[in-house]
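Each chain is listed here by its residues.
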Amino acid sequence: METSRFGGTPKGGIKRLTLSDEDKRVRDWFKEQCAKLGCTVQVDEVGNMFATRPGKRKDLMPIAMGSHLDTQPTGGKFDGVLGVLGGLEAMRTLVDMGYETNAPIMLVNWTNEEGSRFAPAMLCSGVYAGVFTTDFAYSREDRLGITLGDELQRIGYKGDIKAGEVKFQAMFELHIEQGPILEAENKTIGVVTGVQGMRWYEVTVTGQESHTGATPMGLRKNALLAAARMIDAIHEVGMCNLPGVASVGLIENRPNSRNVVPGEVFFTVDLRHPDEAVLDKMESQYRAALPRIASDLSVRFEEKRIWISPAVKFAPELISCVRVGAEQAGYPARDMASGAGHDAAYIARVAPTTMIFVPCLGGISHNESESTTLEECGAGTQVLLNAVLAHDRSLA
Ligand code: GLV
Ligand code: MN
Ligand code: MN
């Protein structure tokens, strides 16, 4: 509630796009809170922030907790934010109790998880994990052509530390479920076993601008009509491959004037499925639909895949720590896979990683009305702390 003032919207959500002024303000706040706890705060070259509290032993790498503070343009108060602020609360608890862990404990804020302003999603945890180069991240442009590198510089969060250099031995990410299962089954904790595969594409359809009054229906090259039919076909790809999902979320129609037949449309495609083989099939079905529609309507199109994030399985030893943590605290839990992408999916490539989910009201997320109760946030935070300490004890 306190940090929602950084980008808070009248409808009760947050608009805190990556590296905006609001993102800078929440980062400054976060840095100050961590410093107050006596943590050392480091920032790497892509703006990832790491706050560390020392442990008893110098030979152990830190145990990390982390998520993201950026949001969708009409985001809620919990997506990502809970994982960082829950981690902060866990850190405060350790400090208040004077509890000395074996390993150092680290709290991470990953840059640009959402991928809404700068595609793709999970970008800077991806740089950390060696999936993308730093220069690739710097070169990402928003829809106005502003680059991530320039924005990092502008808000003062381009650190000197090489991405990937601040090491940890394991990471736990607390997050809201963003789906309806926990609520429907009256479970408080989701023990997350993995993340489904995701692929993003961009399509530009080119027709011909012409006068809406004077161009006969049969002679039009209407890019928007073609895009509409393509979007319908993409929806069908999802419907035919359940539990797969296929979505078009961003569309730009040009020139977007009521009496001009649209000459150009840009849109994005998001395909997801837990099984890579089915995802391959979905990709072929989607790709087969476009030329057919374009040729029927005499338009051209360009299509490219801009991102692949393969399905991920989390680390069994960390999943056990989460189960133990939920049991210790007495919360009903169930295993589940994540439909949403998370920084944990990339971090899992370089360190044992897992996630903890708590319910959100009606399963609604990426929405300003996103809501999770104080008790549920508390439960997730307790299980996060329990899981971190269970892992820490195993190092003794
Ligand atoms: C991130 O929120 C994603 O799953 O796209
Ligand atoms: Mn998130
Ligand atoms: Mn999100």
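See the structure above.
All of these numbers come straight from a predicted model, not from anything done at the bench.

## Remarks on the overall build of the protein chain
If you tally the helices and strands in the protein chain, you get 11 helices and 16 strands. Relative to a compact globule of 396 residues, whose C-alpha radius of gyration would be 21 Å, the protein chain shows 22 Å and is just as compact. C-alpha atoms of the protein chain, sized along the principal axes, occupy 80 × 45 × 40 Å. Per-residue burial over the protein chain gives 56% buried out of 396 residues. Considering only contacts in the protein chain between residues 6 or more positions apart, those separated by 24 or more positions represent 78%.

## Observations concerning the site of ligand 1
Inspection of the region around ligand 1 gives Glu113, Glu114, Trp200, Arg272, Ala340, Gly341 and His366 as its neighbouring residues. Between ligand 1 and histidine 366, the relevant distance is 3.2 Å, taken from an oxygen atom to a side-chain nitrogen or oxygen of the residue. Protein chains shield 94% of the accessible area of ligand 1, which is 200 Å² for the free molecule. For the shell around ligand 1, the class distribution of residues is two nonpolar, two polar and three charged.

## Points about the coordination of the manganese ion (ligand 3)
Coordination of the manganese ion (ligand 3) by the protein comes from Asp79 (OD), Glu114 (OE), Glu114 (OE) and His366 (NE2), over a distance range of 2.1 to 2.4 Å. Between the donor residues of the manganese ion (ligand 3), the gaps in sequence give the motif D-x34-E-x251-H. Taken as an interatomic distance, the gap from the manganese ion (ligand 3) to the manganese ion (ligand 2) is 3.6 Å; aspartate 79 donates to each of them. You can see aspartate 79 sitting in the loop between β3 (63-67) and α2 (81-97) and its partner glutamate 114 sitting in the loop between β4 (105-109) and α3 (123-128), a full 35 residues away along the chain.

## Points about the pairing of strand β2 (residues 49-53)
Both faces of the sheet carry side chains from a regular strand, because those side chains alternate between them. Along β2, five of the five residues are buried, which leaves the element largely enclosed by surrounding structure. Relative to β2, strand β1 (residues 40-43) runs antiparallel, the two being bridged by four bridges. By the bridge assignment, threonine 40 is partnered in β2 with threonine 52. In this structure, the hairpin formed by β1 and β2 is closed by a connection of five residues, where glycine 47 is found at a positive phi of approximately 85°.

## Details of the side chain of asparagine 48
When you line up the elements, asparagine 48 lands in the loop between β1 and β2. Within the structure, asparagine 48 has its side chain in polar contact with the backbone nitrogen of threonine 111 (distance 2.9 Å).

## As for the coordination of the manganese ion (ligand 2)
Six octahedral donors around a metal ideally make angles of 90 or 180 degrees; four tetrahedral donors ideally make 109.5 degrees. Around the manganese ion (ligand 2), the protein contributes the donor atoms His68 (NE2), Asp79 (OD) and His175 (NE2), at 2.0 to 2.3 Å from the metal centre. In the primary sequence, the donor residues of the manganese ion (ligand 2) line up as H-x10-D-x95-H.

## Here's the deal with unusual backbone geometry
Cis geometry marks the peptide bond from alanine 119 to proline 120; its omega dihedral reads 0°. Here proline 120 shows up in the loop between β4 and α3. Of the consecutive residues arginine 254 and proline 255, the connecting peptide bond is found in the cis state with omega at 5°. Of note in the backbone geometry, asparagine 112 takes a positive phi value of approximately 55° without being a glycine. As for its placement among the helices and strands, asparagine 112 is situated in the loop between β4 and α3. The class for asparagine 112 is buried, based on a relative accessible area of 1%. Of note in the backbone geometry, asparagine 256 takes a positive phi value of approximately 60° without being a glycine.

## Digging into the environment of phenylalanine 6
Along the chain, phenylalanine 6 falls in the segment before α1 (21-36). When the C-alpha atoms of phenylalanine 6 and arginine 27 are compared, they prove to be 9.8 Å apart, with 21 residues separating the residues in sequence.

## Thoughts on the pattern of salt bridges
Side chains carrying opposite charge are able to pair once their charged atoms draw close together. The tally for this structure, following the rule as stated, stands at 21 salt bridges. For aspartate 28, the salt bridge is made with lysine 24, and the minimal N-O distance between the two is 2.9 Å. You can see aspartate 28 and its partner lysine 24 sitting in helix α1, four residues apart, about one turn around the helix. Its salt-bridge partner being glutamate 185, residue arginine 334 comes within 2.9 Å of it at the nearest N-O pair. Here arginine 334 is found in strand β15 (residues 333-338), whereas its partner glutamate 185 is found in the loop between α6 (181-184) and β6 (189-195), with 149 residues between them in sequence. Look at glutamate 185 and you get partly exposed, because its relative accessible area is 36%.

## Focus: the pairing of strand β16 (residues 353-358)
The element β16 is extensively covered by neighbouring structure, given that six of its six residues are classed as buried. Of the two faces of β16, both are covered, the one formed by Thr353, Met355 and Phe357 as well as the one formed by Thr354, Ile356 and Val358. Relative to β16, strand β5 (residues 170-176) is paired through six bridges, and the arrangement is parallel. Considered in β16, the bridge of methionine 171 is made with threonine 353.

## Topic: the side chain of serine 365
Along the chain, serine 365 turns up in the loop between β16 and α11 (374-393). Assessed through its relative accessible area of 16%, serine 365 is described here as buried. Of the polar contacts made by the side chain of serine 365, one reaches the side chain of glutamate 370; its length is 2.7 Å.

## Side note on α11
Compared with the 28 Å implied by 1.5 Å per residue over 20 residues, the 28 Å span of α11 between its first and last C-alpha is a close match. When you tally the buried positions in α11, you get 14 out of 20 residues, the bulk of the element.

Conventions used here
Residues numbered from 1 in each chain as written. Chains lettered and ligands numbered in written order. Predicted model: local features only at pLDDT ≥ 70, side-chain atom pairs only at ≥ 80, totals over all residues. Heavy atoms only, no water. Helix = DSSP H or I, 4+ residues; strand = E, 2+ residues; numbered from the N terminus. Rg over C-alpha atoms; globule rule 2.2 N^0.38 Å. Buried < 20%, exposed > 50% of the residue type's maximum accessible area, 1.4 Å probe, protein only. Contact = heavy atoms within 4.5 Å. Near = heavy atom within 4 Å. Polar contact = N/O pair within 3.5 Å; in protein donor to acceptor, adjacent residues only side chain to side chain. Areas by Shrake-Rupley, 256 points an atom, 1.4 Å probe, with all protein chains shown as cover. Nonpolar A, V, L, I, M, F, W, Y, C, P; charged D, E, K, R; others polar. Donors = N, O, S within 2.8 Å, 3.2 Å for Na, K, Ca; no water. Pairing = 2+ DSSP bridges. Salt bridge = Lys/Arg side-chain N within 4 Å of Asp/Glu carboxyl O. Expected span 1.5 Å × (residues − 1).

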